[in-house]
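# A look at the structure
Listed below, chain by chain, are the residues.
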Amino acid sequence: MIRNAHERGHTGVKYTEKHLQDYYYIPKLRQKVEKIISNSKRRTKKACEAANLQEENRKTYNLRKREPKPYRVGDLVAIKRTQFGPNLKLKPKYFGPYSITRAKGGNTYDVIKEGNHEGPEFTTSCAEYLKPWNTMWEP
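If you look the chain up in an unreviewed UniProt entry, it shows as Integrase zinc-binding domain-containing protein from Araneus ventricosus.

As structure tokens, this is what we get:
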């Protein structure tokens with residue numbers, strides 16, 4: 001009840017105490033109001049600190065993210081190797097070339113293998129793990 005009276009107008013101790021005295025008798029009202037208001041201020045301060053910390057984390061996290069490149073059906077792409085194991089340290093980081101067969105939405109694409117190389121025949125991958133296939137490097 002005291003918290004509701006305080007939060008209704010976010011008033012100080014005197015005004016909250018006066019408002020409650022008009023309607024209720026509460027023993028040791030002043031101490032209770034002071035305690036609730038100090039807790040409310042502490043809670044508000046912690047909430048502001050948390051919001052500031054989240055904003056800083058969001059900024060540094062978004063620095064590492066880039067806008068996904070939109071691909072069209074028929075584009076040649078390379079797919080990032082996502083499964084690692086022994087003896088793969090010196091293997092290429094990408095499989096390819098793959099051809100995009102369908103854009104599924106949400107930056108997700110169905111791709112099919114073009115040619116004879118290592119990697120799955122058919123898979124679905126998000127744009128984060130795709131990059132355009134560079135045809136200048138092909139023999």
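Moving on, we get to the overall build of the chain. Counting its secondary structure elements, the chain contains 3 helices and 5 strands. For the chain, the α and β elements follow one another from N to C terminus as α-α-α-β-β-β-β-β. Across the 139 residues that make up the chain, the buried fraction comes to 23%. Total accessible area computed for the chain in this model is approximately 11,000 Å², and 53% of it derives from carbon and sulfur atoms.

The strands that make up a sheet are held in pairs by hydrogen bonds between backbone atoms, and each pair lies either parallel or antiparallel. Reading across from one edge, S4-S3-S2-S1-S5 is the order of the 5 strands in this open sheet, with antiparallel pairing throughout. Where the open sheet ends on each side, the last strands, each with one partner, are strand S4 (122–126) and strand S5 (130–132). Within this sheet the neighbouring strands show an average axis-to-axis angle of 45°, counted without direction. Pairing analysis gives 3 bridges linking strand S1 (residues 76–80) to S5, with the strands arranged antiparallel. Bridged to Ala 78 within S5 is Lys 131.

Cut-off values and rules
Residues numbered from 1 in each chain as written. Predicted model: local features only at pLDDT ≥ 70, side-chain atom pairs only at ≥ 80, totals over all residues. Heavy atoms only, no water. Helix = DSSP H or I, 4+ residues; strand = E, 2+ residues; numbered from the N terminus. Buried < 20%, exposed > 50% of the residue type's maximum accessible area, 1.4 Å probe, protein only. Areas by Shrake-Rupley, 256 points an atom, 1.4 Å probe, with all protein chains shown as cover. Pairing = 2+ DSSP bridges. Axes fitted to C-alpha atoms, helices over the stretch in contact; angles between N-to-C directions.

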